Amino acid sequence: RQDSRITDELQTKDPTNRWLARMPRVRLSAEQVRDQALAISGLLSDKMNGPSVMPSQPDGLWNNPYSGMKWVESEGEDRYRRSLYTFHRRTSPYPSMMTFDGSSREVCSVRRIQTNTPLQALVTLNDPVFVECAVNLAKRSSSKYKTPEQQIDGVYEFALNRKLSEAKKVALLNLYKEAKKEFISCDSCSQKLTAFLPEK
């Protein structure tokens, strides 16, 4: 729960953050980003051991003209297993993990290079796994909280383990109202959203 912002006092006492005076600036690792989204949404499977699985990924990224191998999406709870179990192919690694600086495993790497690019934000907005997590989190919050204000407050505190400031609450509530208005006026939006959900 440490804050990542640094003060003059902390800069003097712990300039390299050796004593963990502040939260690291860098996000979670590639695998942890996906697992965290699954955990918060309530979808993460706690199943242990077994073969690798093939969770959702954008279509057409794993075409293999040589062997005819195909990405066959796992079913049931296997599609929500921890990223540790995700099938890796060196010539076509799992795309969202690569965007978050995951290793392609073609060569050994002592450490991962850490980047911060707009593509990472786009993954969390558009990747099938993250969209499905968002939908499930929305379902959970709407069943637990009655009003949009309560949902925003509750989900923010649940996901980040801290209270929502009044300024952020106003901004998020305005965003909710704008998004709802746009969604209602869009005839095909609900069908597009349904396409991300797994078949029952």
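In what follows, the structure referred to is the one given above.
Residues numbered from 1 in each chain as written. Predicted model: local features only at pLDDT ≥ 70, side-chain atom pairs only at ≥ 80, totals over all residues. Heavy atoms only, no water.

1. Some details on the overall build of the protein chain
Now for step 1: Counting its regular elements, the protein chain contains eight helices and zero strands.
Now for step 2: What you see in the protein chain, going N to C, is helices and strands ordered as α-α-α-α-α-α-α-α.
Now for step 3: Taken along its principal axes, the extent of the C-alpha atoms in the protein chain is 60 × 50 × 30 Å.
Now for step 4: Residue burial in the protein chain is summarised as follows: out of 200 residues, 30% are buried.
Now for step 5: Within the protein chain, residue pairs in contact and separated by at least 24 positions form 56% of the contacts whose partners lie at least 6 positions apart.
Now for step 6: When the accessible surface of the protein chain is split by element, carbon and sulfur atoms take 56% of a total near 14400 Å².
Now for step 7: Positive and negative charge centroids in the protein chain, built from 31 and 24 side chains respectively, lie 3 Å apart. (Helix = DSSP H or I, 4+ residues; strand = E, 2+ residues; numbered from the N terminus. Buried < 20%, exposed > 50% of the residue type's maximum accessible area, 1.4 Å probe, protein only. Contact = heavy atoms within 4.5 Å. Areas by Shrake-Rupley, 256 points an atom, 1.4 Å probe, with all protein chains shown as cover. Lys, Arg positive; Asp, Glu negative; His and termini not counted. Charge placed at Lys NZ, Arg CZ, Asp CG, Glu CD.)

2. Brief notes about the environment of S29
Now for step 1: Within the secondary structure, S29 is located in the loop between α1 (8-13) and α2 (30-41).
Now for step 2: Classification of S29 by relative accessible area gives partly exposed; the value is 27%.
Now for step 3: With 16 residues separating them in the primary sequence, S29 and S45 have C-alpha atoms 19 Å apart.

3. Concerning the nonpolar core
Now for step 1: Core analysis: the largest hydrophobic core is formed by 16 residues, its most contacted members being L38 and C133.
Now for step 2: Those elements that provide at least two residues to this core are α2 and α5 (128-144).
Now for step 3: With four residues, the top contributor of residues to this core is α2.
Now for step 4: Ignoring sequence-local partners within four residues, the contact set of L38 consists of L43, L44, Y80, R81, V129 and C133. (Core = buried A, V, L, I, M, F, W, Y, C linked by side-chain atoms within 4.5 Å.)

4. Overview of the side chain of R22
Now for step 1: Summarising the element assignment, R22 is placed in the loop between α1 and α2.
Now for step 2: We note that R22 is buried and unpaired, the nearest opposite charge coming from D14 at a distance of 5.3 Å.
Now for step 3: Engagement of the side chain of R22 in a polar contact is seen with the backbone oxygen of P15, the distance being 3.3 Å.
Now for step 4: Contact partners of R22, with chain neighbours within four places excluded, come to Q2, D3, S4, R5, I6, D14, P15, T16 and N17. (Salt bridge = Lys/Arg side-chain N within 4 Å of Asp/Glu carboxyl O. Polar contact = N/O pair within 3.5 Å; in protein donor to acceptor, adjacent residues only side chain to side chain.)

5. A word on the pattern of salt bridges
Now for step 1: Under the counting rule described, the total for this entry stands at eight salt bridges.
Now for step 2: Among the salt bridges present, the one from K47 reaches D78, with a minimum N-O distance of 3.0 Å. Of the two residues, K47 is situated in the loop between α2 and α3 (95-99) and D78 in the loop between α2 and α3; the sequence distance between them amounts to 31 residues.
Now for step 3: We note a salt bridge from E157 to K163, for which the minimum N-O separation is 3.3 Å.

6. Comments concerning a nonpolar patch on the surface
Now for step 1: Residues L119, L122 and L125 make up a contiguous nonpolar surface patch of roughly 320 Å² in combined accessible area.
Now for step 2: Structurally, L125 is set in helix α4 (residues 118-126).
Now for step 3: By relative accessible area, L125 is classed as exposed at 60%. (Patch = residues over 30% accessible without salt bridge, like charges linked within 9 Å, V, L, I, M, F, W, Y side chains within 5 Å.)

7. Some words on unusual backbone geometry
Residues other than glycine predominantly adopt negative phi, and peptide bonds predominantly adopt the trans conformation.
Now for step 1: Although it is not a glycine, N49 sits at a positive phi angle of roughly 65°.
Now for step 2: Here N49 shows up in the loop between α2 and α3.
Now for step 3: Residue class for N49 comes out exposed when judged on its relative accessible area of 54%.
Now for step 4: One non-glycine residue with positive phi stands out, namely R105, at about 70°.
Now for step 5: Mapped onto the elements of the fold, R105 is located in the loop between α3 and α4.

8. Description of the side chain of S141
Now for step 1: If you trace the backbone, S141 turns up in helix α5.
Now for step 2: Non-local contacts of S141, meaning those with residues more than four positions away in its chain, are made with Q151 and V155.

9. Re helix α6 (residues 148-160)
Now for step 1: Here α6 spans 18 Å end to end across 13 residues, near enough to the 18 Å set by a 1.5 Å rise per residue.
Now for step 2: All of the buried residues in α6 are Q151, I152, G154 and Y156.
Now for step 3: A positive backbone phi angle near 60° is found at N161, which sits one or two residues after α6. (Expected span 1.5 Å × (residues − 1).)

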